[in-house]
Structure formats: C-alpha cells, structure tokens
Amino acid sequence: MFSGIHRLGAFLIESTHGAGYGIWLLLHTLMQVPAIVRTKSRKDLYRQMFICGIQTIPVTVVVSIFTGMILALNGGLSLEQIGQEGLIGRIVAVSMAREMGPFMTALILAASVGSAMAAELGTMKVSEEIDALEVMSIDPGRFLVLPRVLSMAVMTPVVTIYIVLVGTLGGAASAYFQYDISFERFRTDALEYLTLKDIYTGILKAFIFGTVISIVGCSEGLRARGGAIGVGSATRQSVVISYLLIIVLGYYVTFTFYYIEW
Amino acid sequence: MELTGVHKSFGPHAVLRGVDLAVRRRETLVIIGRSGTGKSVALRHVVGLERPNRGEVRVFGHDIQKASRRQIHEIRSRTGFLFQSGALLNWMTIEENVALPLLEHNRRMPPDEVEDRVLAKLKLVGMESARRKLPAQISGGMKKRAALARATVLDPDLVLYDEPTSGLDPVIASTINELINRTREALGTTQIVVTHDMESAYSIADRIAMLCEGRIICLGTPQEIRSSDNPIVQQFIQGKTSGPLALES
C-alpha cells in the first residue's frame, strides 16, 4: 500500500513539474519572439514550416477526404429518413470548419510533428547538444523552441484551411455519388449556412492546438534523460499529453464561443 | 580557474566530495580517474552547467554560484568546450556549426570575415575539405576535430576537453593530442582535459590530477605521477586489475 502511495506521489510531483516547465517554456518562448526578427539565419524556422505544412500534405489529404466522406455518408443516412438529404452540405461544411478540421489537423500534427520535435530535442539533450548551446551562450528557448512554436502556430491554421477545403470536397463527392446531390446544391447549402464565426473559431482552435502541440513536444524533449529509453518515453508522453490537451481545450474553446453570451 | 571544497550529489549519490583544484594560466591540466568518478561533472562546474551543493568555483574572478547571467555569459564567451560526442548540431553543415558562436557573439561581423575565420579554424584542424558536409556524413574523429574548431573559433582563454580521444583509433587520437598542443601554442590558452587515456595524458599534460572517490588524491607533473608511491595512482596508470581500486566502484 505504501509503495502505491509513493508511486502516486511521485507521479503527481512529476506531472506538476512537467506542467510547470511547459508553462514556463511557453512564457519564455513568447518573450523571445522579437529575436526572430533580429536573427540573421531563419533556416530552422523555414525548415520547421516545411515539415509542418508541406511534408504532412499526403497524410492530411487522405485523412481529410475520408473525414468529409464519412460525415456526408453518416449525415445523409439520418437526413434521408426525414427526406432532408439536401442539407448534407451544411452539416459537412460546418462540422469541418468548426470542429473536425482543426481537430483532425491537431491529431495528425501531434502524432507526426509534435512527436518528432520531442524525439529530436530529446536526442539533442542526451547527446549533450543542448549543453553545447548553453556553453556557447545560445538560449535553447530562442534557438530551438521559438522556431518550432512559431512554425506550428502559423502552419497549423494553414493546414486546417486546406483540410477543411479538401474534406468538404470529399463530402461533396460522397453526397453526389451516394445521394445524388449536385455539387452546385451542396455548395449553395454549405455557403448559406456557414458563418464567419465558424471559420474564425476553427482557425483560432488550430492556432491554439499548434502552439500547445509544439510546446508539449519541445518541453518533453528538453526534459528527456537516460539515453534512448528517455527519448522514447518523451516522444510517447508528448503524443499522449497533446491528445489530452487537444480534447480538453477543444471543448472549452467551443464552449466559450458558442455557449457564452458575449 | 579554481575549485575549492566542491561537493556535488545527484540524489543520494555523492559524486564530488570536496574537490580542491587550481589551474595555472596557460597550462594544460589533465584530470584522470576511473569512469564514473565525477571528472566530467567537475568540468561541467567550470562553465556553470552544474552548480555545486557546497564549495566554490571561481572562473575569471567570478564565483559561478553567485555570478549574474551577464557574468555567466562572459565566462562562457571566453571558454571553449569540446564535448565527448562532439555535440555538433546535426542539421547544420560543419562550417555552419563552426560559425555558430561567431554569429551569436558578433552579430555585426561581416559575412566575409565570418567565413575567413571559420575557414582558418577548419584549416587548423585539417577539415576545410569537409566544411560543406553534415555531421552524419563524417567519421567520429572528424567530428571531434570539427568540434574543436567550433570550441576555439572565438579564440577563448580557457578550453575544456571532455574525453577528447575516447572511441578513436590510436592514429586519430594522436592527431587530436597534437591539435590540443597546437591550440595552446597558437592561442596561448589555459586547458583542462578530462581523460582516462594515459598515453594522451602524458603527451599533452603540464600537470595531471587524479580524481578518486570524489576527491583529488594526487597532483603533479607527468613524471611525478609516473613515480608516485600512491598505490591507487599506480594501479590506475598501469591498468592493473588487482589493487586498492575495487572493480565495482
């Protein structure tokens, strides 16, 4: 029993330390933002933007097409029963813009880019590269974390926009082939019902998710210790924590924008 | 550079138990000792990568524990550190790695001057032909030489070497030893080298200090170390399996 209490205590201390370090790293990185303007080399920033925005295109295209098709297929099944399958357009467009677009983007980026950040920084940590930066008086927060957070904060909304567009197209294709709804009818219904608020809420969510995924990936990587096992553990933890935060923050952003009277 | 009564523990494990060591200007001091005795930990104290639990570390007149961020920055900008693995950044070419401290510390330095200085340092270590390669494309010995070029690119007053010859074949190890000697001659630097390679220690050291069980147990010239009557020192430098040094410690 005592060993159980000991393990629980150690887990709580470690979790609190991790959360505190993540918040500190976020604030520290935000304070370094002006440095990106002064720096001569933005090679790492562009490299990170390429990884987030371009290298993820194949998987995001496949996932978004099928997400849109599933939404159209399932929505159509219910609407068909009440003879309203013509409303598939609005269901697909609003769901993709408001929830599924940023959510699917965040899941893909947390699994591919966030975990890679944790692995890369974790490997740098255990192979003394982070120490080498510190000895050269180079702040790892400015040099390593800032380009990663900025690239994710900028590119996650961009990826979300094309996931929403491609996903909606997938939904339109499914509606056409399964329920014989023309593209024109789908488009008219979607645009009629979609509001500006749906779009900016989705983009804001993507911005928050991107920032959170990159901070979690970087902080887990920078806290890695103990060689390959430590790097593996940091990578796994970054994905688990990112997924939890995406779900929880996603709920609260939706709640804030759609259920609180401003 | 001076360590006085330095104690350092990691959890319940005491690594340094009162290290006293003073390094003279422009000398090469080699710290020897068995693996896991805290040689690297002692070295990391010099640049503030570790802080002592007790005792004092003075570098360039500053007490590391009480030094401000600006003072730590000053100490580090006057110090080069060659890490055991080289610690080159893997997405940068060799010349970008070597240029990094220059660009960070001299933001207004013209690009031509940066290039000239980087090339001069790479020539000194015989790496100019590999300057556009990535660290993953070169051998371990080349990584060490490139890391040495990076450690000395700011012409530091103090250079620290953590196991500079470990994992290298005898020919490359001798090359690294020569480079360490050449660096001191060319730049007039003070150097601290951590190693358990006695061949290397004898060929580069002005003085050798032996660290055992968290304390310096012997300090002297290579000749004095060779003729030391301390049985622990004799067992270590001769690599004997029997003697006061227990195998499991």
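Above this text you will find the structure in question.
On a predicted model such as this, the values are computed, not experimentally measured, just so you know.

Colleague: Whenever I open this one, the overall build of chain A confuses me. Can you help?
Modeller: Along the backbone of chain A there are 10 helices and 0 strands. Reading chain A from its N end, one meets helices and strands in the order α-α-α-α-α-α-α-α-α-α. In terms of its C-alpha atoms, chain A occupies a principal-axis envelope of roughly 65 × 55 × 40 Å. Every one of the 262 residues in chain A was classed for burial, and the buried ones make up 47%. Sequence-distant contacts, at least 24 apart, represent 87% of the contacts inside chain A between residues at least 6 apart.

Colleague: Could you clarify how one ought to interpret the pairing of strand S10 (residues 215-220) of chain B in this entry?
Modeller: In regular strands, side chains alternate between the two faces of the sheet. Residue and element names in this part refer to chain B. Bridge analysis of strand S9 (residues 207-212) against S10 gives 5 bridges, and the strand direction is antiparallel. Residue pairing in the sheet places Ile208 in a bridge with Gly220 of S10. Counting the residues in the hairpin turn of S9 and S10 gives 2 residues, including Glu213, whose phi is positive at 50°.

Colleague: Explain the sheet that holds strand S7 (residues 158-162) of chain B here, please?
Modeller: Hydrogen bonds between backbone atoms are what pair the strands of a sheet, whose relative direction is either parallel or antiparallel. Residue and element names in this part refer to chain B. Spatially, 6 strands are ordered S6-S7-S8-S3-S9-S10 in an open sheet, and the strand pairing comes out mixed. In this open sheet, the two edge strands, each paired with only one partner strand, are strand S6 (79-82) and S10. Going across the sheet, the axis of each strand differs from the next one's by a mean of 15°, ignoring polarity. Sitting on the sheet, helix H5 (residues 140-152) touches S6 and S7, and the angle it makes with S6 is about 170°.

Colleague: Can you help me understand a nonpolar patch on the surface in this one?
Modeller: Residues Ile247(A), Val248(A), Tyr251(A), Tyr252(A), Phe255(A), Tyr259(A) and Ile260(A) make up a contiguous nonpolar surface patch of roughly 760 Å² in combined accessible area. Note on placement: Ile247(A) falls in helix H10 (residues 227-258).

Colleague: How should the interface of chain B and chain A be read in this particular structure?
Modeller: Accessible area lost on assembly of the parts is the figure often given for the size of an interface. Taken residue by residue, the interface counts 25 residues in chain B and 20 residues in chain A. Taking both sides of the interface into account, the surface hidden between chain B and chain A amounts to around 2000 Å²; carbon and sulfur atoms contribute 56%. Of all residues in chain B, Arg76(B), Trp91(B) and Arg107(B) bury the most surface against chain A, accounting for 31% of the area lost on that side. The interface formed by chain B and chain A includes 2 salt bridges. The salt bridge partner of Glu104(B) is Arg142(A), with a shortest N-O separation of 2.5 Å.

Colleague: Please clarify how helix H3 (residues 43-53) of chain A should be interpreted in this entry.
Modeller: What sets the pattern is the α-helix's 3.6 residues per turn: residues three or four places apart point alike. Here H3(A) has its buried residues at Asp44(A), Leu45(A), Gln48(A), Cys52(A) and Gly53(A). When H3(A) is viewed along its axis, its buried side chains cluster within an angular range of 150° and face the same direction.

Colleague: For this particular structure, what's the right way to read the packing of aromatic side chains?
Modeller: Each aromatic ring pair is specified by the distance between its two centres and by the angle formed by the two planes. Considering all chains together, one arrives at 9 aromatic pairs over all chains under this definition. Geometrically, the ring pair formed by Tyr200(A) and Phe257(A) is edge-to-face, given 6.2 Å between the ring centres and 70° between the ring planes. Note that Tyr200(A) is positioned in helix H9 (residues 196-222) and Phe257(A) in helix H10, a separation of 57 residues in sequence. When the ring of Tyr251(A) is compared with that of Tyr252(A), the centres are 5.1 Å apart and the planes differ by 85°; the resulting orientation is edge-to-face. Tyr252(A) sits in the partly exposed class, given a relative accessible area of 49%. Of the aromatic side chains, those joined through ring pairs into one cluster are Tyr251(A), Tyr252(A), Phe255(A) and Tyr259(A). Residue placement shows Lys197(A) over the ring face of Tyr258(A); its charged tip is 4.7 Å from the ring centre. The residue whose ring lies beneath Arg78(B) is Phe60(B), and the NZ or CZ to ring-centre distance is 3.9 Å.

Colleague: Could you clarify how one ought to interpret the sheet that holds strand S5 (residues 62-63) of chain B in this entry?
Modeller: All names here are of chain B. Strand order across the open sheet formed by 4 strands is S2-S1-S4-S5, with antiparallel pairing between neighbours. One side of each edge strand has no neighbouring strand; the edge strands of this open sheet are strand S2 (13-22) and S5. Helix H1 (residues 39-46) contacts strand S1 (2-10), S2 and strand S4 (54-59) of the sheet and is inclined by roughly 120° relative to S1.

Colleague: It is not clear to me how the pattern of salt bridges should be interpreted in this structure. Could you clarify?
Modeller: All names here are of chain A. The tally for this structure, following the rule as stated, stands at 24 salt bridges over all chains. Residues Arg148 and Asp44 are paired through a salt bridge, measuring 2.9 Å at the closest nitrogen-oxygen approach. Here the residue Arg148 occupies a position in helix H7 (residues 140-179), and Asp44 occupies one in helix H3, the gap between them amounting to 104 residues. The burial state of Arg148 is the same as that of Asp44; both residues are buried. Notably, a salt bridge pairs Glu120 with Arg47, separated by 3.1 Å at the nearest N-O pair.

What counts as what
- Residues numbered from 1 in each chain as written.
- Chains lettered and ligands numbered in written order.
- Predicted model: local features only at pLDDT ≥ 70, side-chain atom pairs only at ≥ 80, totals over all residues.
- Heavy atoms only, no water.
- Helix = DSSP H or I, 4+ residues; strand = E, 2+ residues; numbered from the N terminus.
- Buried < 20%, exposed > 50% of the residue type's maximum accessible area, 1.4 Å probe, protein only.
- Contact = heavy atoms within 4.5 Å.
- Pairing = 2+ DSSP bridges.
- Axes fitted to C-alpha atoms, helices over the stretch in contact; angles between N-to-C directions.
- Patch = residues over 30% accessible without salt bridge, like charges linked within 9 Å, V, L, I, M, F, W, Y side chains within 5 Å.
- Areas by Shrake-Rupley, 256 points an atom, 1.4 Å probe, with all protein chains shown as cover.
- Salt bridge = Lys/Arg side-chain N within 4 Å of Asp/Glu carboxyl O.
- Buried area = accessible area lost by both parts, 1.4 Å probe.
- Arc of directions from axis to C-beta.
- Phe/Tyr/Trp six-rings, centres within 6.5 Å; stacked < 30°, edge-to-face > 60°.
- Lys NZ or Arg CZ within 6 Å of the ring centre and 35° of its normal.

Read these as layout, nothing more, since geometry by itself doesn't imply function.
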